[in-house]
Structure formats: structure tokens, C-alpha cells
Amino acid sequence: MPQTAARARADVGRYVSDACRERYFAACDAVYALGAPALAEEDVETSFGTTHVYRYGPTNEAARSRTPVVLVHGAGSCSAMWYPNTPALSADRPVYAIDTLGDPGRSAQRQPVHRPERAAQWLDETLTGLGLERVHLIGSSYGGWLALNQAHRRPGRLASVTLLDPGGLEKVGLRFFVWLFAGLFATFAPKALRPRLAAWLEQPVLVVPELRTMIRTAVRAYRIRRPAPLPLTEEELSAIRTPLYLVLGRRSLLVRPQRQAERVPRLVPGARAEIISGTGHGPQIDQAEAINRRMRNFMASVD
């Protein structure tokens, strides 16, 4: 998708060149191939740019009528990151995976989305453009903050929200950024060292060649511009009425899992929280089968 308009502005996400964009798309396609095949792709026009969406779906006619799932990926990535989850989730119901504006992917940003209220407006416009009146929203990491922000600011279309080790619950500490950059540098390590580094850093990207290529290519190809995931206040969390399921990795460096597992259900009426052993910031990748089962059960209980 051409990014000519985006290049003229410094306050919107953009690719550094057409060649870099095409290399990144090729790397993404290799990751998409690891998951369920998309039934279709669609571009949705919003006030802030064009949102690119991948649609997956069940073959069972009854399942096609169920409330759909919308997936919102983490920072610095695109919807290809959902490859461990699309096969299981789309067996139950329609699934839409969104490339968020301001991050690498096939969406094209034209206006800045620097404030939380604008992020909520963009996502609501995207759901409107897809013709979705009611959805189960699932967000990972930064996408978790987008989902939480949506539940706070524009909950009208939300049947439920699932947050996978999300932002938006507490201030991001230095340890998370150290882990993030350590993982990035580790992608350049010799192949023989990567499994050990992947286990130590809990970075599956290091041992999945397609993921490793996609992440490395994104860093070179794209200049990210998006709103900061400011934590919601206790008052804001207490106002949420959307059914909420919080999944935290026991070794998460983004949040303090035990604290948030106690705090969120206390503040958000009816919210569920679960801490997953043997994982850190990427439970839906590290333990895809178990997390897929939990998410499906939660959405079925809401339906």
C-alpha cells in the first residue's frame, strides 16, 4: 500500500522507503503462512488513515453467525503475530486481525493518533467500517492498552475484552525496556546461541526464523508514531462494565502480575484474572494451545 502521503509528515508512522516496505511485507507474509489462511483482506477508511484488516473464519455455518473476534497486536509488530492463535480462534467464530495505525503493517496512517481518545475513535471507526456491531476484542501488550482504552472510552460495540499481558495498568518500568532491547540485540546472535538466549529472555522470536526476520526488518523499515499507553486510573478502571479477562505471564516484566491479578478484579466488576506459569510477556505465543482454549471458553461464557 503506497505510503507517499505519510512520508510528508513527521508525526505519522511511515516506511523509510518503498524497498524497505516491500521487504517487510515479504517477511510478514512468511509469518502469516504459519497460521490460518485468511479468507479475505479489507481496507477500511477512517479519519486517521486506511486500516488494513485480515479476516479469518469457520467453515461451520452456525459458527459463522457467532459474535466475531477482533485481534489487536502489540507495538512494533503487525497482525501476523497472531499466527499461533488464528487457527483455533477462527474454528469457533469469525476473526478479524487489524494492523494498527502508527505501527508497521499494511495500514497507512495519514493523521496523528497521539491521544487516547483519538485511538478509541480510530478503532471505533474501523469496527464501523467493517460493519461489526458487537465484537470480542482481544489485545496483546500495546494492543491490550488499546483494548482497555476502548472499554473505557467507547465500549458500545464490545461484548468482551481479553487483555494479554497488557499495557495500561501501570507505568512501564526500565526493566521492560532493557528486556526489549536485549531481545532485539539477541536477534543478531549466532544461530547456535539463540535457543539459550530465547529461554533466558523468554523471547520466542529468537527461535522462529520467520518471526526473527519480521522483527528485524521492521526496525529498519518503519518509523513508529502512536499514542503512549498511559495507565488508566483506578477511577477509570472502576467505570468499566465490559466483561473483562486479564491474562498475565508469571514472569512478565511489563507489569507486576500478582498485584494486577488482585487489583483489576477488585476495581472492574466481574473481571477475571489469571497468571500463567512458564511464560513472560507473550503467553499467547509461548503457550498458544492453553491460552487459545482459555480465550475460547471465556468468550463462550459471555455469549
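As shown above, the structure is provided for reference.
The rules behind each value
Residues take numbers from 1 onward in each chain, read along the sequence in its written order. Two thresholds apply to this predicted model, a pLDDT of at least 70 for residue-level local features and 80 or more for giving and counting side-chain atom pairs, whereas whole-chain, interface and lining totals are computed over all residues. Excluding hydrogens and water, the side-chain values take into account all heavy atoms of the structure. Going along the chain from the N terminus, every DSSP run of H or I of four or more residues is numbered as a helix, and every run of E of two or more is numbered as a strand. Contacts are assigned to residue pairs with any non-hydrogen atoms lying within 4.5 Å of each other. Relative accessibility thresholds used throughout: buried, under 20% of the residue-type maximum; exposed, over 50%; partly exposed, between the two (1.4 Å probe, protein chains only). Orientation is described by lines fitted to C-alpha atoms, with helices fitted over the stretch in contact, and by angles between N-to-C directions that extend from 0 to 180 degrees. Here is the rule for angles: anything less than 35 degrees is roughly parallel, anything more than 145 is roughly antiparallel, 65 through 115 is roughly perpendicular, and the remaining ranges are oblique. Side-chain classes are defined by residue name, with Ala, Val, Leu, Ile, Met, Phe, Trp, Tyr, Cys and Pro counting as nonpolar, Asp, Glu, Lys and Arg as charged, and the others, Gly among them, as polar. In this scheme Phe, Tyr and Trp rings, the latter by its six-membered ring, pair at centre separations within 6.5 Å, and the angle between planes marks the pair as stacked below 30 degrees, edge-to-face above 60, and tilted otherwise. Only Lys NZ and Arg CZ are tested; either one counts as a charge over a ring when it is within 6 Å of the ring centre and within 35 degrees of the ring normal.

J.: When you look at the environment of Leu130 in this model, what are you seeing that I'm missing?
T.: The topology assignment puts Leu130 in the loop between helix 5 (116-129) and strand 7 (135-140). C-alpha separation for the pair Leu130 and Tyr96, spaced 34 residues apart in sequence, amounts to 9.2 Å. In contact with Leu130, other than residues within four places in its own chain, are Glu42, Val44, Val53 and Tyr96.

J.: Quick question: what am I supposed to make of helix 11 (residues 257-267) here?
T.: A turn of α-helix holds 3.6 residues, and therefore any two residues three or four places apart point the same way. Taken residue by residue, helix 11 has Pro257, Gln260, Ala261, Arg263, Val264 and Leu267 as its buried positions. Along its buried surface, helix 11 packs onto helix 10 (234-238), strand 10 (244-249) and strand 11 (272-276).

J.: Just checking my understanding: could you explain the side chain of Ser77 for this structure?
T.: In this fold, Ser77 is placed in the loop between strand 4 (69-72) and helix 4 (86-92). Judged by its relative accessible area of 7%, Ser77 falls in the buried class. Not counting residues within four places of it along the chain, the set of residues in contact with Ser77 comprises Tyr24, Asp103, Pro104 and Met214.

J.: Would you mind going over the packing of helix 5 against helix 6 (residues 142-153) with me for this structure?
T.: Helix-helix packing is characterised by the crossing angle of the two axes and by the distance between the axes. For the pair helix 5 and helix 6, the least separation of the axes is 9 Å and the interaxial angle reads 90°. As the angle between them shows, helix 5 and helix 6 are arranged roughly perpendicular. Contact with helix 5, carried on its side by Pro116, Glu117, Ala119, Ala120, Trp122, Leu123 and Asp124, involves Trp145, Leu146, Asn149, Gln150 and Arg153 of helix 6 and no other residues of that element. Looking at the contact of helix 5 with helix 6 residue by residue, the class counts come to seven nonpolar, two polar and three charged.

J.: Teacher, can you tell me more about the packing of aromatic side chains here?
T.: Any aromatic ring pair is given by two values, namely how distant the centres are and how the planes are angled relative to each other. Under the definition given, this model contains six aromatic pairs. Here Tyr15 and Tyr222 contribute two aromatic rings whose centre-to-centre distance is 4.7 Å and whose plane-to-plane angle is 75°, an arrangement assigned as edge-to-face. Residue Tyr15 is located in strand 1 (residues 14-15), and its partner Tyr222 is located in strand 9 (residues 222-223); the two are separated by 207 residues in the primary sequence. Assigned by exposure class, Tyr15 and Tyr222 land together as buried. Note on Tyr245 and Phe298: the rings are 5.2 Å apart at their centroids and 40° apart in plane angle, and the pair reads as tilted. Placement of Tyr245 in strand 10 and of Phe298 in helix 13 (residues 288-302) is noted, with a sequence separation of 53 residues between them. Of the aromatic side chains, those joined through ring pairs into one cluster are Tyr15, Tyr24, Phe25 and Tyr222. The ring of Phe25 is capped by Arg106, whose NZ or CZ atom sits 4.3 Å from the centre of that ring. Stacked on the ring of Tyr142, the Lys or Arg Arg226 has its end atom at 4.5 Å from the ring centre.

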